[in-house]
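# Inside the fold
Below, each chain spelled out in residue letters.
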Amino acid sequence: MWYHRPVINKELLQSLPNLKIVASSGVGIDHLDLNLLSSYGVKVSNTPFIVSTDTADLGMALMLASSRRLVEGYKMAVSPDTEYFPADWLGTEVSGATLGIVGMGTIGYKVAERAKSFEMKILYHNRNQRKKEEESAVGAVYCKKIDDLLQQSDFVLLTVNLTPQTHKLIGKRELELMKPTATLINISRGLVVDQDALVEALQNKIIKAAALDVTYPEPLPRDHPLLKMKNIIITPHIGSATKKTRCSMMEEMSESIQAGLAGLPIPHEVL
């Protein structure tokens, strides 16, 4: 499966009685009904670890691009109407700022490693607290309550799996807890954020900006209000989109398929 296609539903499973395994690219499995697949005796695999480095890199890229207004700056620099560069056209500092990471799994931790190099103060919220030595290695401070993280962070970066518990995790209430100078960055899944609430927050300056690699749907309708705002950057779900990583993902999917067909343990089986 690539980009959630083909759709794995009851009709497809009934038409494929000999199906043994579904190999899905990427980390997220929110598009799969695991109970349904299991009821047909079908195993599932994904590629959970190979994507983490590139996705963490993109998270940092979005933070830097948003804070320093790179997209706006590029448009100004190449515009035929530009006669001078205004001296009061300013961005926001990243070095020394507070980064709040929601979801400290493999990707979130790699973001923290990169943010440490920018001398950022790192807060994180996770279902489980990391080991003390892991926290110390990146200088991360655990926030048991997400509210504490939202209130203190200059940048809030989302890197959680989409589950019933994280569906619209960031809504109107959470956005209003954030600083009016804060930026929201989402490299997880679009449905982790209530997009209607985000539109309202950006329009009313509840938060300063947003940078999204994911939306719902993808792509957004061409008349969607998020596409008309200056204080947002949207990329086309490219967290893992490098040549090396995409090739490695295909290799891992092939290995899982071969193991599943041979009745061997599947390297990256989703249980």
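Residues numbered from 1 in each chain as written. Predicted model: local features only at pLDDT ≥ 70, side-chain atom pairs only at ≥ 80, totals over all residues. Heavy atoms only, no water.

You'll find the protein entered in an unreviewed UniProt entry as Glyoxylate reductase/hydroxypyruvate reductase, with Neodrepanis coruscans given as the organism. UniProt's Sequence similarities (unreviewed entry) comment on the protein is quoted here verbatim: "Belongs to the D-isomer specific 2-hydroxyacid dehydrogenase family." (UniProt positions renumbered as here; feature names shortened; annotations may be inferred.)

### Observations concerning the overall build of the protein
Helix and strand counts for the protein stand at ten helices and nine strands. By the compact-globule yardstick of 18 Å for 271 residues, the protein fits well, its C-alpha radius of gyration being 20 Å. Seen through its C-alpha atoms, the protein measures out along the principal axes to roughly 65 × 50 × 35 Å. When the 271 residues of the protein are sorted by exposure, 45% land in the buried category. Excluding contacts between residues fewer than 6 apart, the proportion of contacts in the protein whose partners are at least 24 apart in sequence is 62%. (Helix = DSSP H or I, 4+ residues; strand = E, 2+ residues; numbered from the N terminus. Rg over C-alpha atoms; globule rule 2.2 N^0.38 Å. Buried < 20%, exposed > 50% of the residue type's maximum accessible area, 1.4 Å probe, protein only. Contact = heavy atoms within 4.5 Å.)

### Focus on the nonpolar core
Side chains of a nonpolar character, in soluble globular proteins, are inclined to be buried together. With 29 residues, the main nonpolar core has L175, L184, L198 and L226 as its most contacted residues. Breaking this core down by element, the ones donating at least two residues are α7 (146-152), β6 (155-158), α9 (195-203) and β8 (209-212). Ranked by size, the runner-up nonpolar core spans 27 residues in total, among them I101, Y124, V138 and I187. (Core = buried A, V, L, I, M, F, W, Y, C linked by side-chain atoms within 4.5 Å.)

### Some remarks on the pairing of strand β4 (residues 121-125)
Counting buried positions along β4 yields four of five residues, so the element is predominantly enclosed. As defined by bridge partners, strand β3 (residues 98-102) adjoins β4 across five bridges and the pair is classed as parallel. Among the inter-strand pairings, T98 is bridged to a residue of β4, identified as K121. Handedness of the crossover is the feature at issue here: the chain leaves β3, passes through helix α5 (residues 106-117), returns alongside β4, and the resulting connection is right-handed. One ladder, built from three bridges, connects β4 with strand β5 (residues 140-142); its direction is parallel. The residue bridging I122 from the neighbouring strand is A140, located in β5. Tracing the backbone out of β4, into helix α6 (residues 132-138) and back to the parallel element β5 gives a crossover that is right-handed. (Pairing = 2+ DSSP bridges. Right-handed = clockwise from strand over helix to strand, strands pointing away.)

### Quick word on the layout of surface pockets
Of the voids in this model, the second largest pocket is the one considered here, and its volume is about 550 Å³. Surrounding the second largest pocket, 26 residues form its lining, E72, M229, K230, N231 and I232 being those nearest its centre. Put simply, the parts of the chain that give the lining of the second largest pocket at least two residues each are α3 (52-67), α4 (70-78), β8 and β9 (232-234). With four residues, the top contributor of residues to the lining of the second largest pocket is α4. (1 Å grid on protein atoms, 1.4 Å probe; cavity = no way out; pocket = protein on both sides within 12 Å on 5 of 7 lines; lining within 4 Å. Points joined across faces, edges and corners; volume = space filled by probe spheres on them.)

### What to know about the side chain of T183
Tracing the chain through its elements places T183 in strand β7 (residues 183-186). We classify T183 as buried; its relative accessible area is 5%. With near-sequence residues (within four places) excluded, T183 lies in contact with S66, D154, F155, V156, M178, A209 and A210.

### Overview of the sheet that holds β4
Spatially, the seven strands line up as an open sheet ordered β5-β4-β3-β6-β7-β8-β9, and their pairing is parallel. Each end of this open sheet is capped by a strand with a single partner; those strands are β5 and β9. For this sheet, the mean inter-axis angle between neighbouring strands, taken without regard to orientation, is 15 degrees. Sheet strands in contact with α3 are β3, β6, β7, β8 and β9, and its direction is about 150 degrees off that of β8. (Axes fitted to C-alpha atoms, helices over the stretch in contact; angles between N-to-C directions.)

### Notes on the domain arrangement of the protein
Assigned domains of the protein: these are domain 1 (10-49 + 242-262) and domain 2 (52-234). Put simply, the middle of domain 1 and the middle of domain 2, counted by C-alpha atoms, are 30 Å apart. Residue-level contacts link six residues of domain 1 with six residues of domain 2. The junction of domain 1 with domain 2 conceals about 540 Å² of combined surface from both sides, 39% of it contributed by carbon and sulfur atoms. Among the residues domain 1 hides against domain 2, the three largest losses belong to V27, D30 and F49. Together they make up 66% of the total. For the interface between domain 1 and domain 2, the tally reads one salt bridge. (Domains from an automatic or database assignment. Buried area = accessible area lost by both parts, 1.4 Å probe. Salt bridge = Lys/Arg side-chain N within 4 Å of Asp/Glu carboxyl O.)

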